[in-house]
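Secondary and tertiary structure notes
Chain by chain, the residues run as shown.
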Amino acid sequence: MNRTIIKVKAFLKGIILMLKPHIFIGWLREPLLTMSNILSLTKWAASQDTKTILNDFYSPLRDYTKRYQLYQNVVDNLNLKNEGIDYLEFGVSGAYSFKWWLANCVNPDSRFYGFDTFEGLPESWGIYNKGDMAANVPNIDDIRGKFIKGLFQETVANFLSNHNLKNGKRKIVHLDADLFSSTLYTLTSIAPYLKKGDVLLFDEFNVPNHEFYAFKIFCDSYYIKTRLLAAVNNYFQVALIIE
Ligand SMILES: C[S@@+](CC[C@H](N)C(=O)[O-])C[C@H]1O[C@@H](n2cnc3c(N)ncnc32)[C@H](O)[C@@H]1O
């Protein structure tokens, strides 16, 4: 019986490949992917234990400044102000979030690394075009901070081989590159260095086909388990701790 099913399936697969259905219904790929990712996102959100943490779900209006409340909540709960941490931010642009972390985590042993092309997004994203969000490399007067200019795909591997991230310090990995490709590339690159207690911050987590999709594929493929620490703007910004 099972053999018959396998044979029928193989036969149908051959027919489908021959018919080239993408020519006629290829336009369905995007809406179907979105629908699938929305269902995964709602399933993920419903399975979080959110009673004891900062979580504004449901809020009718988005307030982008709430992300600073989220950062403060994470810093206070994990006592990061005085802990020596490695903070890695992927997607820096004007460095608003980067400067917040630099100012609020004061341990002299902490290090802050910001990665960006500084020439804007490498692909279009929603209403934003390729090249949008370009900014000058920010000026900072704190020797603990450093910017690494270039595509992640061209800078991160070299950075990882020249910096010892297995140094015992807690890592705060801030994913704010918006794009699926950039987020997935970053997560897979940093995966071998992640350990229990490290924190992942996302700035556009609830965008189904981008940061959320990259996070889902990453957790499924690397068997990574996380716990939600805080969320604002209906899971637009989230902080997750590696378990
Ligand atoms: C939303 S902005 C970052 C905003 C910043 N974290 C803040 O809150 O002030 C996103 C940035 O990600 C950068 N980016 C996206 N994909 C990238 C990639 N593959 N390599 C380098 N930079 C990338 C873009 O250049 C853009 O400046």
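Predicted model, so just to flag it, every value in this text is computed and none were measured. (Residues numbered from 1 in each chain as written. Predicted model: local features only at pLDDT ≥ 70, side-chain atom pairs only at ≥ 80, totals over all residues.)

Looking only at helices and strands, the protein chain has eight helices and eight strands in total. Here the protein chain holds 243 residues, and 32% of them are scored as buried. (Helix = DSSP H or I, 4+ residues; strand = E, 2+ residues; numbered from the N terminus. Buried ≥ 20, exposed ≤ 12 C-beta atoms within 10 Å, placed from the backbone.)

Turning our attention to the domain arrangement of the protein chain. Taken domain by domain, the protein chain holds domain 1 (1-47) and domain 2 (52-242). Between domain 1 and domain 2, the contact holds seven residues from the first and seven residues from the second. A class-by-class count of the residues in the side of domain 1 that touches domain 2 yields four nonpolar, three polar and no charged. (Domains from an automatic or database assignment. Contact = placed C-beta atoms within 7 Å. Nonpolar A, V, L, I, M, F, W, Y, C, P; charged D, E, K, R; others polar.)

Of all residues adjacent to the ligand, which total 22 residues, the nearest are G91, S93, Y96, A177 and S182. Elements supplying a minimum of two residues to the shell around the ligand: α5 (96-104), β3 (111-116) and α6 (152-162). When the residues that make up the shell around the ligand are grouped by side-chain class, the tally is 11 nonpolar, eight polar and three charged. (Near = placed C-beta within 6 Å.)

The sheet built from eight strands is open, its strands ordered β1-β7-β8-β6-β5-β2-β3-β4 with mixed pairing. Among the strands making up the open sheet, the edge pair consists of β1 (54-55) and β4 (145-149). As defined by bridge partners, strand β6 (residues 199-202) adjoins strand β8 (residues 237-242) across four bridges and the pair is classed as antiparallel. For L200, the partnering residue across the bridge sits in β8 and is L240. Running over the sheet, α6 touches β2 (85-90), β3 and β4 and is turned about 150 degrees from β3. (Pairing = 2+ DSSP bridges. Axes fitted to C-alpha atoms, helices over the stretch in contact; angles between N-to-C directions.)

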